[in-house]
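The chain contents come next:
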Amino acid sequence: MTQNILDIQDLHAEINGVSILNGVNLSIKPGEIHAIMGPNGSGKSTLAKIIAGHPAYTIKSGSISFMGSDIVDLDPEVRAHLGIFLAFQYPIEIPGVSNSDFLRLAYNARQRALNLQELDPLAFFELVNKKLEIVGMDSKFLARNVNEGFSGGEKKRNEILQMALLDTKLAILDETDSGLDIDALKVIGSGINKLATPLNSIILITHYQRLLDYITPDFVHIMQNGQIKYTGSSELAEELEKDGYDLIHKKVSVV
């Protein structure tokens, strides 16, 4: 039997004493793409941050298992080294740090944690140039400071480039489509599709169907009030686009 990449069971979590997740259950197998949709405040981004290990949130009960091992007590950097990647909705700028140095240090930190060979700047440049093709970025971006002066599309492509470099086992993309024009969306969608393999898994958090025009998920989950209320196929996103989140009440009442 194939081991799940992610198993979340009855997860309850809060921040500053305010309950955000109220019993989330989610299982993801290798090779699967899951889309999580839902209204603002439903807990989508909170779930993403908790899987990645954000220290601001307190897990009250429930479990998170990654590749068969409990990760609830692991630090964010340990989770990242294991292969969990979170692409932010609003990637930050890091003045004074070149994109090349940032990416190389991140890559080598993971290599070191896994007792694998680190790369010198020349060897890394050869590696990263191959990855640049996936996201349609020019090598000149490597010399620029991290996300400084980048357009919205360039910032998001930079996130996907990180995902490509770090040999991600579980990629969580938090509203990667936010602020993108149609051309940037096509490039991002193409890059994500190229990185999807039978050995990794992807979680797409989005409000809109338009990202799913380019990436077909195996499952679409609707979140509300800190729970996954309903799960369906890719067609569920089209129904949401048409009927809005009132659809949740119709689906749940039928079930």
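Residues numbered from 1 in each chain as written. Predicted model: local features only at pLDDT ≥ 70, side-chain atom pairs only at ≥ 80, totals over all residues. Heavy atoms only, no water.

- An unreviewed UniProt entry lists the protein chain under the name Probable ATP-dependent transporter ycf16, with Acrochaetium secundatum given as the organism.

## A few points about the overall build of the protein chain
Now for step 1: Counting its secondary structure elements, the protein chain contains eight helices and twelve strands.
Now for step 2: By the compact-globule yardstick of 18 Å for 255 residues, the protein chain fits well, its C-alpha radius of gyration being 18 Å.
Now for step 3: In terms of its C-alpha atoms, the protein chain occupies a principal-axis envelope of roughly 60 × 40 × 40 Å.
Now for step 4: Per-residue burial over the protein chain gives 47% buried out of 255 residues.
Now for step 5: Total accessible area computed for the protein chain in this model is approximately 12,100 Å², and 51% of it derives from carbon and sulfur atoms. (Helix = DSSP H or I, 4+ residues; strand = E, 2+ residues; numbered from the N terminus. Rg over C-alpha atoms; globule rule 2.2 N^0.38 Å. Buried < 20%, exposed > 50% of the residue type's maximum accessible area, 1.4 Å probe, protein only. Areas by Shrake-Rupley, 256 points an atom, 1.4 Å probe, with all protein chains shown as cover.)

## Considerations on the pattern of salt bridges
Now for step 1: Scanning the model with the defined rule gives seven salt bridges in all.
Now for step 2: Note that Glu14 is salt-bridged to Lys60, the shortest N-O span being 3.9 Å. With Glu14 in strand S1 (residues 6-15) and Lys60 in strand S4 (residues 58-66), this residue pair connects regions lying 46 residues apart in the sequence.
Now for step 3: Glu93 serves as the salt-bridge partner of Lys155, at 3.7 Å between the closest nitrogen and oxygen. Remark: Glu93 occurs in the loop between strand S6 (84-87) and strand S7 (94-98) and Lys155 occurs in helix H5 (residues 152-165); sequence separation between them is 62 residues.
Now for step 4: The class for Glu93 is partly exposed, based on a relative accessible area of 39%.
Now for step 5: Counted as one network, the salt bridges with shared partners bring together Arg110, Asp167 and Lys169. (Salt bridge = Lys/Arg side-chain N within 4 Å of Asp/Glu carboxyl O.)

## Some words on the sheet that holds S1
Now for step 1: The four strands are arranged S2-S1-S4-S5 in an open sheet whose pairing can be described as antiparallel. With one partner strand each, in any of the chains shown, strand S2 (18-28) and strand S5 (69-70) form the two edges of the open sheet.
Now for step 2: Two elements, S4 and S5, share two bridges in a ladder whose sense is antiparallel. Along S5, the bridge assignment pairs Phe66 with Ser69.
Now for step 3: Helix H1 (residues 44-52) rests against S1, S2 and S4 of the sheet, and its axis sits at about 110 degrees to S1. (Pairing = 2+ DSSP bridges. Contact = heavy atoms within 4.5 Å. Axes fitted to C-alpha atoms, helices over the stretch in contact; angles between N-to-C directions.)

## Details of the packing of aromatic side chains
A ring pair, where both rings are aromatic, is described by two values, the distance of the centres and the angle of the planes.
Now for step 1: What the rule picks out here adds up to two aromatic pairs.
Now for step 2: Arranged with centres 5.8 Å apart and planes meeting at 50 degrees, the rings of Tyr107 and Phe124 form a pair that is tilted. Here Phe124 lies in helix H4 (residues 121-135) and Tyr107 lies in helix H3 (residues 99-113), a separation of 17 residues in the sequence. Judged on exposure class, the residue Tyr107 and its partner Phe124 are both buried.
Now for step 3: When the ring of Phe141 is compared with that of Phe150, the centres are 5.5 Å apart and the planes differ by 75 degrees; the resulting orientation is edge-to-face. When sorted by exposure, Phe141 lands in the same class as Phe150, which is buried. (Phe/Tyr/Trp six-rings, centres within 6.5 Å; stacked < 30°, edge-to-face > 60°.)

## As for the packing of H3 against H5
Now for step 1: Direction vectors running N to C along H3 and H5 enclose 30 degrees, while the axes themselves pass 10 Å from each other. Read as a crossing pair, H3 and H5 show a hand that is right-handed. Listed contacts from H5 to Asn99, Phe102, Leu103 and Tyr107 of H3 are Asn158, Leu161, Gln162 and Leu165. (Left-handed = near helix turned anticlockwise from the far one by under 90°.)

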